[in-house]
Amino acid sequence: MEMEREKREEKPKYKFNRLETLKLIGPWVDAHWDGLRVAKKEGKKVAWSMGPLFPIAYAMDIPCHFHAGYAAYCGGRKGVPPLLEAAEAEGHILDACSYHRLHMGVISAIEKKLPIREEVMLPTPDIVLSARLCTEHTHQSDAIYRHLKVPTIAIDIIPAHRESDFKMLENYTKRQLTEVAIPFLEDFCGRKFDYDRLSELLAVLKKASEIRNECWKFFELVPSPWTLWDWGVSIAPVFYLMGQPKTVDYFQQLKAELQQRVDQGIGAVHPQENFRVYWDGWVPWSFLGPISRKLLSFGANPIVGKYPWEFFPHPEGIDPNRPIDSIVEQWYSYMMSTRSSPEFALPFIEESVEKYHLDGMIMFASRTCRLWNLGEQDIIDEIERKYGIPGVVLEADMIDPKFFSEGQIDTRLQALFEMMEARKRRRR
Amino acid sequence: MEQTLNQIFNLVTDPYTGIAAWKERLQKKVVGCMPMHLPEELVHAAGLQPVVLWRSNEPVTLGHAHVYTFNCGLTRSVVDDAVKGKLAVLDGIITYDLCLQARELPFIINRNAPPAYLETVYIPGPVTAPVYKDFLLENFRNLKASLEKFSGQTMTQDALRQSIALYNRQRGLLRQLYALRRQTPGLIRAKEMLAIVQSGMLMPKEEHIPLLENLIAELPKRTVSSGKKARVVLSGCMCQTPRFDLLDLIEEEGMAVIDDEIYVGGRYFFHDVAETGDPLEALAERYLNRTIPCPTKVDWTNHWGDYLVDWVGQQKAQGVVTLLVKFCPPHLCYYPDVKKRLANANIPEVMLEVEHEVVSLEQVRTRLQAFVEEIR
């Protein structure tokens, strides 16, 4: 009896109100990854994209993978562990980027015909496109070439350290696209690059992202009708699923559902949103369930994050009639490749504290990804000093379960929410 | 000669005191450069004294409030030194996006211990298309202008040519020392060679050159033990120095290091800069050179393992000791393929992780004992 009563008390007090619209995403991403395998079986050329070069493959009607999207998908479908084990069996070291190891695991599975679940497997690429937004992107494409020897091209998209460098870096990136990547793709396809198709894709992307931005406005409301996790799941339509007309419908439907919630006074966290937190770093794709449940147990809603805000945050700058210029301007002038760097993230987070009524910060430090991790501790100090809201670091990984320690995460979250509660009480 | 070696070891074990002493004497501003690819000649020609950023001589403590433990020793150590005020000896620091950790370093330095001059340049990853040379030159020109502004001195073509000639001379002397070591394995201990190369990164080349000349003249007079040693080469170790005790262990277990392609070693002086033509272009060409293959560059058709197989054959080495800096992403992503390529060529190889803090040497010793048995 006693045990049963304890069990009942342990049951979470809070729950998420799920958005119906989100249910559309699962089948779409399944179809995308399945589509790659089907295309390969039908004899079509397929591409792998390490970093964000997939739009130029799409413009040439080449079905294309996107490495982080694949890792997220694989994480969500619980397909990561056997692939990481396959990479480790080939001598890959745990400290290396887990996205890199995941892809090396796929290559090992291809080479050795390992029995990996089909839904999380990739077909062998016919071409590899790489954009060095993160230096690892090209380490990955170099490594893929060493194994598969398929046509490969890589460009640099170096994130800027200063606004005054944006134009120089835009010119550099544009030259690489027009002098290196596109001619290479034209050679591979044996036809001229389809700028018109790229314009069409960008026109749809612009429309989808504009409505997505209207959805972002709902995060400013207290309580918020949706969570950062909902938005994380919705990234694909404005990234690797870009250009499909249904993506516009998706955000229209999402916006309507959010508005309906607001009209009915329904928040994302039931029965009430106790805390609103900023989330720094990658969305923890493999651990979204456990982490969201942990936050939920405190009635906390993650509201905003610098990385999830990276995907075409300023669609007003997209001009489909200038497709290449528009893409490079999105990366620099419109902050897509710079928002997460600490120099630019700090003012963004400062602005977010008041705009989104934040109570605290969670820095999700990925053990095997050193991109944007440095500076997180300094940012906590700065924000706490200026705005009096506390922050905590959770060490884990994007997808590698070996770095996911529940004990560490529980202890740190407990401390964070106690601090947030105490400070809230003082403010009342 | 012993006095020269003492001077060298004193500098590399305590760069802070050593740099402060020559800085005071020469009355020059000192600029710390991120390792690997920055052209020190540009800093020198601006009337400033470049040094290459180093790994500190003590464990990281305060720095861990700013940088996570899962970053490489050099990153953690530079941050630690900065927040402890130990880098006050530097008037300036230049960084660039060599890797993800280097990318965010200037943010932390700027917030916590900004030097009088903090510059960030952009160096392309890919190296094979004309756009990369143009971009590199544009950035070298920007760096030149920035250095001139800081030093208050215009950099003439002649001044840059003279700096290039000076640096080439120092590189040539280091190559001579390496040739001596190849001819007589054991003549120069591995840690001595490391210290000799690193000391050249921490003092003016004008003062390093006489030390090298002295060593080249005196070292051949050394008596070398006649015991048979296994001939090995060192590979890897980007950016930073391995610990001396790790190198000692290799020798204690019966191996002689006959050559290396580590950064604080053979990579540092592998190429001269052309002394004809436009000097800035010559500096760019040096970076764009694809030999020795470098894991920090984007160069997929150029297999580092192929280079190593040829090089090991030329050196008649019996094995390769890979030094892999803990948490070094470029090397981590490349290493398994290098290892495989060496294995396919039947070249024995052992990998040792290079960490900033003390590691369990006895475990390393056991691995080295097994390795030496394999190659003998």
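A short tour of the structure in this document, coming up. Fair warning: this is a prediction, and the values are worked out from it, not measured in the lab. (Residues numbered from 1 in each chain as written. Chains lettered and ligands numbered in written order. Predicted model: local features only at pLDDT ≥ 70, side-chain atom pairs only at ≥ 80, totals over all residues. Heavy atoms only, no water.)

**Concerning the overall build of chain B**
At step 1: When you go through chain B residue by residue, the secondary structure sums to 15 helices and 8 strands.
At step 2: In terms of overall dimensions, chain B has a C-alpha envelope of 60 × 45 × 45 Å along the principal axes.
At step 3: Buried residues in chain B amount to 64% of all 376 residues.
At step 4: Long-range contacts, defined as pairs at least 24 residues apart, comprise 77% of the intrachain contacts of chain B with a sequence gap of at least 6.
At step 5: Total accessible area on chain B is roughly 13,200 Å²; 49% of this is exposed by carbon and sulfur atoms. (Helix = DSSP H or I, 4+ residues; strand = E, 2+ residues; numbered from the N terminus. Buried < 20%, exposed > 50% of the residue type's maximum accessible area, 1.4 Å probe, protein only. Contact = heavy atoms within 4.5 Å. Areas by Shrake-Rupley, 256 points an atom, 1.4 Å probe, with all protein chains shown as cover.)

**Some words on the interface of chain A and chain B**
At step 1: Of the residues lining the interface, 57 residues belong to chain A; the matching set on chain B comes to 59 residues.
At step 2: Both sides together, the interface formed by chain A and chain B hides about 5,100 Å², and carbon and sulfur atoms give 58% of it.
At step 3: On the chain A side of the interface with chain B, the three residues burying the most area are Arg-146, Arg-370 and Leu-374 of chain A, jointly 15% of the side's total.
At step 4: At the boundary of chain A with chain B, the tally comes to 7 salt bridges.
At step 5: With its nearest N and O atoms 2.8 Å apart, the salt bridge here joins Asp-337 of chain B to Arg-146 of chain A.
At step 6: Elements with a minimum of two residues in the side of chain A that touches chain B: helix H7 (135-148), strand E4 (152-156), helix H8 (166-189), helix H14 (342-355), strand E8 (360-366), helix H15 (376-387) and strand E9 (391-396) of chain A.
At step 7: The biggest single contributor to the side of chain A that touches chain B is H7 of chain A, with 9 residues. (Buried area = accessible area lost by both parts, 1.4 Å probe. Salt bridge = Lys/Arg side-chain N within 4 Å of Asp/Glu carboxyl O.)

**As for helix H9 (residues 205-218) of chain B**
At step 1: Look at H9 of chain B: 20 Å from first C-alpha to last across 14 residues, which is about the 20 Å you get at 1.5 Å a residue.
At step 2: Those residues of H9 of chain B hidden inside the fold are in contact with helix H1 (2-13), helix H3 (40-45), helix H7 (157-183), helix H8 (190-201) and helix H11 (263-269) of chain B. (Expected span 1.5 Å × (residues − 1).)

**Some points on the nonpolar core**
At step 1: Within the largest apolar cluster, 303 residues are counted, with the highest numbers of intra-cluster contacts made by Trp-226 and Trp-231 of chain A together with Leu-177, Ile-196, Ile-250 and Leu-323 of chain B.
At step 2: In terms of domain composition, this core takes at least three residues from each of domain 1 (15-19 + 198-427) and domain 2 (22-194) of chain A.
At step 3: With 6 residues, the next largest nonpolar core counts Ile-93 and Ala-96 of chain A together with Leu-324 and Met-351 of chain B among its residues. (Core = buried A, V, L, I, M, F, W, Y, C linked by side-chain atoms within 4.5 Å. Domains from an automatic or database assignment.)

**A few points about the sheet that holds E4 of chain A**
Residue and element names in this part refer to chain A.
At step 1: Pairing is parallel in the open sheet, where 3 strands are placed in the order E2-E3-E4. In this open sheet, the two strands that pair with only one neighbour each are strand E2 (47-50) and E4. Strand-to-strand, the axes of this sheet are offset by a mean angle of 10 degrees, without reference to chain direction.
At step 2: Here 5 bridges tie strand E3 (residues 127-132) to E4, and the two strands are oriented parallel to one another. Bridge assignment links Leu-129 to a residue of E4, and that residue is Ile-153. (Pairing = 2+ DSSP bridges. Axes fitted to C-alpha atoms, helices over the stretch in contact; angles between N-to-C directions.)

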